[in-house]
Amino acid sequence: MTQSDPSDSFVPAAHPSTWLGVMGGGQLGRMFVHAAQAMGFKVAVLEPIADCPAGHAADHLHVAGYTDAHALAALGQQCVAVTTEFENVPAQSLSQLAQHAFVAPAAAAVSVAQDRMAEKTFFTRCAERSGVMPAPHQMISSQADIDALPDDLFPGILKTARMGYDGKGQARVRSRAEVSAAFAQMQHVPCVLEKMLPLAYEISVLAVRGADGEAVVYPIAENVHRGGILFSTTVPGPNVTPDCAAQAQAATLQIIAQLDYVGVLCVEFFVLSDGSLVVNEMAPRPHNSGHYTIDACVTSQFAQQARAMAKLPLGDVRQHSPAVMLNLLGDLWFKAEDDQPREPAWEKLLALPGANLHLYGKDDPRRGRKMGHVTFVASTLAEAQQNCAAACHLLGITA
Ligand code: ATP
Ligand code: MG
């Protein structure tokens, strides 16, 4: 376990400023920047593309590749602590940063989450204590692996072992021949074949662990995906039973402890039609399904990220309002009738009770691209759901 010493804390200071760093310039980095700045920190971002959501908000932007040794040294020297906003940050870069600054989460934990096979092996090992197994699966790195596949893995989903997100790098397969074809289409990169499971619904659990080993866990989020992309998150989840919630939270606390993790971790689970839990994957960073915490919880996932990396006390995870979070994809910027560009009806959206709009400052909308989200909070879940349904209607989203 990591040493706990309160005197290690990095408190915000003005002269000289206390800087926190983040690898990656996307929307998760941007929301982290906002939260850390609100606490009085200065924030530096490292990202190869100058025009990026986090860069527009940051106090300093290092425009450089994620493996640029010079830029990594500069970021590490500037900052007391560095975190990441995307899981595919090269683990080697995090190790390099660790020579200069406190890095949370550490390279070792991030590298487990970067590889589906390593992740599943880790989950299987955790299952002794967490009681929750991953889906039945097999590693695929050659035709011989495909020939040896057991029949009961079909129908299945072939997923690239690395670099998958938002359902990219996945193919549904019904036979060995289809696995061969999909494997060829994926350029024979290492893959995992997972059995397709009968999902009743999907949940995710956000946990935060400090450098002293203390961990907290948020309420369960119930998620709906469309086309492999998160569509909405509802908390409390209408389908989530107290037993399911307790089991998923306990499993997540086991997982975060066994990883010796510092920071915000999100673990995705499937709930099957018989009520049993299966662990899907984890993200070593704040997560899209945790965006509701900004408007509905005492402490947001991004404020927790800043607290954990600065070795400050973790915040209260209590949810004060029921919430529904709806992702706003680039599709909304095109008219359904003729595909012409349009600006969504923000004034009407903002007129709905309990609407909290978050746009990420991206100026080139594309279909399927996450442009922002809106979280509806209300005193009852039914009310938040109603307002979200009204938002879908006026934005032209099929609820
Ligand atoms: P993201 O990073 O956006 O969470 P991803 O590309 O890493 O997504 P997964 O989370 O593995 O992909 O899968 C995306 C979605 O596909 C899941 O949320 C689920 O709806 C469906 N899915 C994945 N694996 C299975 C499975 N074994 N059985 C049934 N459905 C599955
Ligand atoms: Mg997923």
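Above this text you will find the structure in question.
Residues numbered from 1 in each chain as written. Chains lettered and ligands numbered in written order. Predicted model: local features only at pLDDT ≥ 70, side-chain atom pairs only at ≥ 80, totals over all residues. Heavy atoms only, no water.

Caption draft 1: Representation of the side chain of Ser232 in the model. For Ser232, the position within the fold is in strand S14 (residues 229-235). Apart from the residues within four sequence positions on either side, Ser232 is in contact with Glu222, Asn223, Val224 and Met325. (Helix = DSSP H or I, 4+ residues; strand = E, 2+ residues; numbered from the N terminus. Contact = heavy atoms within 4.5 Å.)

Caption draft 2: Representation of the packing of aromatic side chains within the structure. Counted according to the given criterion, the structure contains three aromatic pairs. A centroid spacing of 6.1 Å and a plane angle of 45 degrees characterise the contact between Phe122 and Phe123, whose relative ring orientation is tilted. This pair shows no difference in class: Phe122 is buried, exactly as Phe123 is. One Lys or Arg, Arg226, reaches over the ring of Phe231 and ends 3.7 Å from the middle of that ring. (Phe/Tyr/Trp six-rings, centres within 6.5 Å; stacked < 30°, edge-to-face > 60°. Buried < 20%, exposed > 50% of the residue type's maximum accessible area, 1.4 Å probe, protein only. Lys NZ or Arg CZ within 6 Å of the ring centre and 35° of its normal.)

Caption draft 3: Structural view of the sheet that holds strand S3 (residues 60-63). Spatial ordering of the open sheet is given by S3-S2-S1-S4-S5, a layout of five strands whose pairing is parallel. If you trace the sheet from one side to the other, it starts and ends with S3 and strand S5 (102-103), each paired once. With two bridges connecting them, strand S4 (residues 81-84) and S5 associate as parallel partners. Bridge pairing in S5 links Val82 to Val103. (Pairing = 2+ DSSP bridges.)

Caption draft 4: Region of interest: the site of ligand 1. Near ligand 1 there are 19 residues, and of these Lys159, Gly167, Gln170, Glu202 and Glu281 occur at the shortest range. Between ligand 1 and Leu197 there is a distance of 3.0 Å, counted from a nitrogen atom to a backbone nitrogen or oxygen. Contact between ligand 1 and His225: an oxygen atom at 3.4 Å from a side-chain N or O atom of the residue. Going through the elements one at a time, strand S8 (156-160), strand S10 (191-195), strand S11 (199-209), strand S15 (263-272) and strand S16 (277-283) are the ones with two or more residues in the shell around ligand 1. (Near = heavy atom within 4 Å. Polar contact = N/O pair within 3.5 Å; in protein donor to acceptor, adjacent residues only side chain to side chain.)

Caption draft 5: Region of the structure containing the sheet that holds S8. Spatial strand order, S7-S10-S8-S9: four strands in an open sheet with antiparallel pairing. With one partner strand each, in any of the chains shown, strand S7 (137-140) and strand S9 (170-173) form the two edges of the open sheet. Here the average twist between neighbouring strands, direction ignored, is 25 degrees. Bridge count between S8 and S10: five bridges; the pairing is antiparallel. For Leu158, the partnering residue across the bridge sits in S10 and is Leu193. Helix H8 (residues 176-185) rests against S7, S8, S9 and S10 of the sheet, and its axis sits at about 165 degrees to S9. (Axes fitted to C-alpha atoms, helices over the stretch in contact; angles between N-to-C directions.)

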